[in-house]
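Letter by letter, the chains look like this.
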Amino acid sequence: MSARFVEGKTERVVVSFPDRIHPLGAEQEGWAERFLSKRGISAIYIVQGKVDWFQCPDFFDAMRACRAFLGSRPVTAYGGSMGGYGAMLGAKTLGADLCFAMMPQFDIGPEVVPFEKRYLDFAKEIGPFRHRILQEVSRDCHYVVPYDPSHGKDQRHVTLLSQSYSMELLPVYRCGHGVLRYVKAANAGDVLADVLTGQRPARDLRKRIRNWRHLSLRYLQKMRLKAAERGHSGKYDYDHAIEMHGQLMPARPAGQKQLPRVVVHCGLPKTGTSSLQAYFFENAARYRADGVYYPTKNADKSELNHAWFSQELRDGSVQELQRTLAGCPPDCHTVFLSDESLFVELPGWTDGAKDTLAKALKGYQVELVLCQRDKAAWMRSFYLQAVQNRRGGPVTKRDSARNLWQATLPFDDFYQQPYCKTLLDFDQMHTALKDVFQADKVTDFPFQSGSDVVKEFCKAMGWPHFKGEAPLAANPSITDTQGEILRQANGMGTAPGRTIKMLIELAQDPDTVLRPKRLARLSELVSRFDWQDVSFQQNPPLVVEKADFKAELERLQELAREVRKKAMQ
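For clarity, every value in this text was computed on a predicted model and none was experimentally measured.

K.L.:
I keep staring at the pairing of strand β3 (residues 42-47) and nothing clicks. Help me out?
P.N.:
As a general feature of sheets, a regular strand has side chains that alternate between the two faces. Of all six residues in β3, six are buried, a share of seventy percent or more. Burial along β3 is two-sided: S42, I44 and I46 and A43, Y45 and V47, pointing in opposite directions, are all buried. As defined by bridge partners, strand β1 (residues 2-6) adjoins β3 across five bridges and the pair is classed as antiparallel. If you follow F5 over to β3, its bridge partner there is I44. Between the parallel elements strand β2 (residues 13-17) and β3, the chain passes through helix α1 (residues 33-38) in a crossover that is right-handed.

K.L.:
Looking at this model, I keep getting lost on the pairing of β2. Mind explaining?
P.N.:
With respect to burial, β2 is a largely interior element, five of its five residues being buried. As paired strands, β2 and β3 are joined by four bridges and run parallel to one another. For V14, the partnering residue across the bridge sits in β3 and is A43. As judged from the five bridges shared by β2 and strand β4 (residues 75-80), these two strands associate in the parallel manner. Directly across from V14, in β4, lies its bridge partner T76.

K.L.:
Help me understand the pattern of salt bridges, please; the structure alone is not making it clear to me.
P.N.:
Pairs can form between side chains of opposite charge whenever their charged atoms are close. Under the defined criterion, the tally for this structure stands at 24 salt bridges. Across the pair D154 and R118 runs a salt bridge, and its minimum N-O distance is 3.2 Å. With D154 in helix α5 (residues 152-161) and R118 in the loop between β5 (98-102) and α4 (120-126), this pair connects stretches of sequence that are 36 residues apart. Overall, D154 belongs to the buried group, its relative accessible area being 0%. A salt bridge links R518 to E505, with the shortest nitrogen-to-oxygen separation between them at 3.6 Å.

K.L.:
Before we go on, may I ask you to explain the sheet that holds β4 in this structure?
P.N.:
Sheet strands associate in pairs through backbone hydrogen bonding, adopting either a parallel or an antiparallel arrangement. Read across the open sheet, the seven strands follow the order β1-β3-β2-β4-β5-β6-β7; overall the sheet is mixed. Each edge of the open sheet is held by one strand with a lone partner, namely β1 and β7 (167-171). The sheet shows a mean angle of 20° between the axes of neighbouring strands, direction not considered. In terms of strand pairing, β4 meets β5 through five bridges, oriented parallel.

K.L.:
Explanation requested: the nonpolar core in the structure shown.
P.N.:
Nonpolar side chains in soluble globular proteins generally cluster together in the buried interior. Ranked by size, the top nonpolar core spans 79 residues in total, and within it F309, L321, F343, F437 and I500 carry the most contacts. Sort the elements by how many residues they give to this core and helix α17 (residues 375-388) lands first, with seven residues. Apart from residues lying up to four places away in sequence, I500 is in contact with I485, L486, A489, F529, W531 and L556. Residues I44, L70, A96 and C141 belong to the second largest nonpolar core, which totals 44 residues.

K.L.:
What exactly am I supposed to notice about the packing of aromatic side chains here?
P.N.:
Each aromatic ring pair is summarised here by two numbers: the centre-to-centre distance and the angle between the ring planes. Enumeration according to the criterion identifies 39 aromatic pairs in this entry. When the centroid spacing of 6.3 Å and the interplanar angle of 80° are considered together, the rings of F343 and W378 count as edge-to-face. Here F343 is found in helix α15 (residues 341-345), whereas its partner W378 is found in helix α17, with 35 residues between them in sequence. Taken as a pair, F343 and W378 share a single burial class, namely buried. Site record: aromatic cluster; members linked through ring pairs are Y279, F280, Y287, Y294, F336, F445, F457, W463 and F466. The ring centre of F426 lies 4.9 Å from the NZ or CZ of K375, which sits over that ring.

K.L.:
What's the story with empty space enclosed by the protein in this structure? I'm lost.
P.N.:
Here the idea is plain: a probe the size of a water molecule rolls over the atoms and shows the empty space left. Tallying each qualifying case throughout the model produces two cavities of 30 Å³ or more. Lining the largest cavity are 15 residues, and of these H22, P23, I46, V47 and Q48 sit closest to its centre. Top contributing element to the lining of the largest cavity by residue count: β3, with three residues. Roughly 40 Å³ of volume is contained in the second largest cavity.

K.L.:
For this particular structure, what's the right way to read a positive patch on the surface?
P.N.:
Together, K117, R156, R515 and K517 make up a positively charged patch on the protein surface. Position of K517 among the secondary structure elements: in helix α24 (residues 516-527). For K517, a relative accessible area of 63% gives the class exposed.

K.L.:
Help me out: how do you make sense of the side chain of T443 in this one?
P.N.:
The topology assignment puts T443 in strand β12 (residues 441-446). A polar contact is formed between the side chain of T443 and the side chain of E367, at a distance of 2.5 Å. Leave out the neighbours within four places in its chain, and T443 touches E367, L368, V369, L370, A460 and M461.

K.L.:
Looking at this structure, I do not really get the sheet that holds strand β11 (residues 366-372). What am I missing?
P.N.:
Strand order in the open sheet formed by five strands is β9-β10-β8-β11-β12, with parallel pairing between adjacent strands. In this open sheet, the two strands that pair with only one neighbour each are β9 (292-293) and β12. Note: β9 against strand β10 (residues 334-338), two bridges, orientation parallel. Within the sheet, the bridge partner assigned to Y293 lies in β10 and is V335. Packed on one face of the sheet, helix α21 (residues 453-461) meets β8 (261-265), β10, β11 and β12 and runs near 145° to β12.

Conventions we followed
Residues numbered from 1 in each chain as written. Predicted model: local features only at pLDDT ≥ 70, side-chain atom pairs only at ≥ 80, totals over all residues. Heavy atoms only, no water. Buried < 20%, exposed > 50% of the residue type's maximum accessible area, 1.4 Å probe, protein only. Helix = DSSP H or I, 4+ residues; strand = E, 2+ residues; numbered from the N terminus. Pairing = 2+ DSSP bridges. Right-handed = clockwise from strand over helix to strand, strands pointing away. Salt bridge = Lys/Arg side-chain N within 4 Å of Asp/Glu carboxyl O. Axes fitted to C-alpha atoms, helices over the stretch in contact; angles between N-to-C directions. Core = buried A, V, L, I, M, F, W, Y, C linked by side-chain atoms within 4.5 Å. Contact = heavy atoms within 4.5 Å. Phe/Tyr/Trp six-rings, centres within 6.5 Å; stacked < 30°, edge-to-face > 60°. Lys NZ or Arg CZ within 6 Å of the ring centre and 35° of its normal. 1 Å grid on protein atoms, 1.4 Å probe; cavity = no way out; pocket = protein on both sides within 12 Å on 5 of 7 lines; lining within 4 Å. Points joined across faces, edges and corners; volume = space filled by probe spheres on them. Patch = residues over 30% accessible without salt bridge, like charges linked within 9 Å, V, L, I, M, F, W, Y side chains within 5 Å. Areas by Shrake-Rupley, 256 points an atom, 1.4 Å probe, with all protein chains shown as cover. Lys, Arg positive; Asp, Glu negative; His and termini not counted. Charge placed at Lys NZ, Arg CZ, Asp CG, Glu CD. Polar contact = N/O pair within 3.5 Å; in protein donor to acceptor, adjacent residues only side chain to side chain.

Structural measurements only, silent on function.
Structure representation (structure tokens):
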């Protein structure tokens, strides 16, 4: 571990601890260096050679060296996530009287924090922590911890830290694991700088963020719904909220002379999209060098796509879209977004959501990319996906693709639903997507099972194809027989459907090792599952043979017995 000092205009020195995703090495810019240097703040930037959550043996030697170098100057320890952990770990040895630690962890080892699944690979490599954060509490330091109380994992870490630390908690609701994102959106950078240098209390930062949030579209929508539930719907006007949002969040990125082209890959689902997204996620840096920006920071961590796009529009918001467009590097001419759910969610968007999207994209050249597939083959794949997907809540009164998930209807009845009939009119959907996005161009390319979808996509877009640089991803499909068994289980209720889905996943990957809590949960579910309610039924065009149905059912029952046996050991 090493450190680099940059003298500024302030007597107080901020010691900056990098987070997990900050580039490693002494030749790199320090974490938050642009922010601090721009404001003339003196700082020491901690440099790591590897991501080890500051468990290197010379950590405290480095902290003592920093303290000795600074003499009697006041110190603020500053970091976020892993850096927040480092700031709290080092504050006492640094002699800091202020520690500003955003979303810190208590530990990452599964034996200490079994709820923490985000950093398992790092925990395995690092092993048990050699440094104990609860032993490094300073009674002379004021600990400020901004975090999102609605973020389950971060809340648990804060609860564990509060066993020994007396902290000023700064709740920043709905920011997720990204407090600085809200600081930036609220234009509160100068307030944060004043807090770090001891010129303003931390509560001023929270106040600034709250004032901004109260003017956001999402907050006003939420308040409007609450008011309607309580019979005060006249107090909040959805249309007014959209108009206000459009005024507060201009579409044009500040300081950017020429707006980038926006390419939106919006479907169809079940056309190799998982492989496509994995490829562009892994090669994002290479495409950025070529002028194409595939955002990765806000990409879904499991699907590697931009699922937030359709999720936001379902709620009538475009805040993440605007932040993403504004964050396009100045040397990139194209922003590339991929979310196949845009196609299936379109029929459920309100006119207000469409207007909001139009305002956000005003001034941009938009190109839509649609992967076409034989309708009969797509209907079959999409139906099995609808049976397999979990809805995550009850059926809503408002039209949404989520209402299709966890399907209980047979194939023919499923596609008789008005929402599905709209989806199946490919020509009309094509036109509607073009109108909603105000697209200047629509690129279609055919999908053929077994073909190299990545290579074909790059060819259609005129982009380079980097061979062998990314593993192809697959969204595991279920067989026709498994689909029929799962459909019947879905009809029995949410818990039975979840039971069969988990057993099918085990059958697809027998080497899967269930964690104790998941094993106990599945054991409880299978103990209550009534196998007699599942019977052989035809569901054309799915091909389900009676013998195969019986064999698959017996295999799942055997798996259920194995789960019960393991859980009781």
